[in-house]
Amino acid sequence: MKKVFYLSFFFLFVGQVFGQKNQFSLYYNQHLSEEFSKLGAIGGRYSREVFPRLSLAVGADYENYYHSLNQSSRVSVVSLATGEILFDKTAIIDYSATMKTFTFDALLYYNVLGKSTKFTLSPFIGVSQRIFNITNIPYIEILNYEVINWEETKETKYFTFPKAGLAFSYNFWKRFSIGTELYYRDYLGDKSTILVSSTSKSTSVGGTTIFDDQGRSTVLSDGSGSGSSVYQFNEQVGISLALTYRF
């Protein structure tokens, strides 16, 4: 009998605490530290009001974008008398580092306006777990202005961010509302924030005759050079737009 009583009390308690307002949101994130031409993240979020005005939310979003990286080595011969290009050849590899980002949020909201209005204004705090799936070409080798060696890598990197911000919404029709969030999240860990790096090495062998695309030739002299490029995440401030359904 005691077990039945305790079990009934447990379900009653859970029903009172968690069986209140539920919400599901579809939202779009745009990082203000990135160019607006880059597509932001699209995701969904589920929340429950666990105490009056206090809601717990969990969500996830997905982002797929490309960061252009290129390395090149060029030789050009121009006539000093006429300015005519006598020879022009470039060895170049221009590619996009593919980055697929999955972000999982756990957030706590407090509605300072209460339930007597169609508006909500909620400061929030929580944590974001970000997963980067990266396809990159970290090394390129050029010999006599021809690409002779390159490699492609795939890797996954994990970062945890504290997240805080302010959310505002308006209940425009029955169970539906629209809203926006301004948030701040910054990486506080000790791992490198570099997501993509690329290095190229260029060498020419003296005495080698090469031809450009128009069939013109030149004789190389000994030479060598290198280049590098780096991309690291620089996200701090962002904004979200959301459509929410209450049930």
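Residues numbered from 1 in each chain as written. Predicted model: local features only at pLDDT ≥ 70, side-chain atom pairs only at ≥ 80, totals over all residues. Heavy atoms only, no water.

Some remarks on the overall build of the chain
The criterion, for reference: Labels follow the DSSP assignment, with helices taken as runs of H or I lasting at least four residues and strands as runs of E lasting at least two, numbered in each case from the N terminus. Exposed residues in this analysis have more than 50% of their type's maximum accessible area, buried residues have under 20%, and partly exposed residues fall in between, with area computed by a 1.4 Å probe over protein chains only.
A count of helical and extended segments in the chain gives one helix and twelve strands. The linear arrangement of helices and strands in the chain, starting from the amino end, is α-β-β-β-β-β-β-β-β-β-β-β-β. Within the span of the chain, comprising 247 residues, buried residues form 35% of the whole.

Looking at unusual backbone geometry
Here R53, not a glycine, exhibits a phi torsion of approximately 75°, which is positive. Within the secondary structure, R53 is located in the loop between β2 (41-51) and β3 (54-78). The backbone of K174 shows a phi angle near 50°, a positive value even though the residue is not glycine. Among the structural elements, K174 can be located in the loop between β6 (146-173) and β7 (176-185).

Section: the side chain of D212
Our working definition: Nitrogen and oxygen atoms within 3.5 Å of one another constitute a polar contact, given that in protein one can donate a hydrogen and the other can accept it, and given that sequence-neighbouring residues count only through two side-chain atoms. Every residue pair with non-hydrogen atoms within 4.5 Å of one another is taken to be in contact.
You can see D212 is positioned in the loop between β9 (209-211) and β10 (217-219). You can call D212 buried: its relative accessible area is 7%. Here D88 takes part through its backbone nitrogen, which lies 3.2 Å from a polar atom of the side chain of D212. Those residues in contact with D212 that sit more than four places away from it in its chain are L86, F87, D88 and K89.

Some remarks on the pairing of β3
Counted only if it meets this: Paired strands are those between which DSSP finds at least two bridges.
Sheet analysis places β2 next to β3, joined by nine bridges and oriented antiparallel. Its bridge partner lying in β3, S47 is registered against A57. Connecting β2 to the antiparallel partner β3 that follows it, the hairpin turn spans two residues, and R53 within it adopts a positive phi of roughly 75°. Across 25 bridges, the pairing between β3 and strand β4 (residues 85-110) is antiparallel. Opposite D61, over in β4, you have T103 as the bridge partner. Connecting β3 to the antiparallel partner β4 that follows it, the hairpin turn spans six residues, and G83 within it adopts a positive phi of roughly 80°.

Looking at the packing of aromatic side chains
Convention followed: Each aromatic pair joins two rings of Phe, Tyr and Trp (for Trp, the six-membered one) with centres within 6.5 Å, and gets the label stacked for planes under 30 degrees apart, edge-to-face for over 60, and tilted for any other angle. Each ring is checked for a lysine NZ or an arginine CZ that lies within 6 Å of its centre and within 35 degrees of its normal; such an atom marks a charge sitting over the ring.
Applying the stated criterion across every chain yields a total of 15 aromatic pairs. A ring pair is formed by F132 and F159, whose centres lie 5.7 Å apart and whose planes are at 80°; its orientation type is edge-to-face. Of this pair, F132 sits in strand β5 (residues 119-143) while F159 is found in strand β6, placing the two residues 27 residues apart along the sequence. Each member of the pair, F132 as well as F159, carries the same accessibility label: buried. In textbook terms, an aromatic cluster arises when at least three aromatic residues are bridged by ring pairs, as seen for Y46, W173, F176, Y245 and F247. The residue whose ring lies beneath K191 is F159, and the NZ or CZ to ring-centre distance is 4.7 Å.

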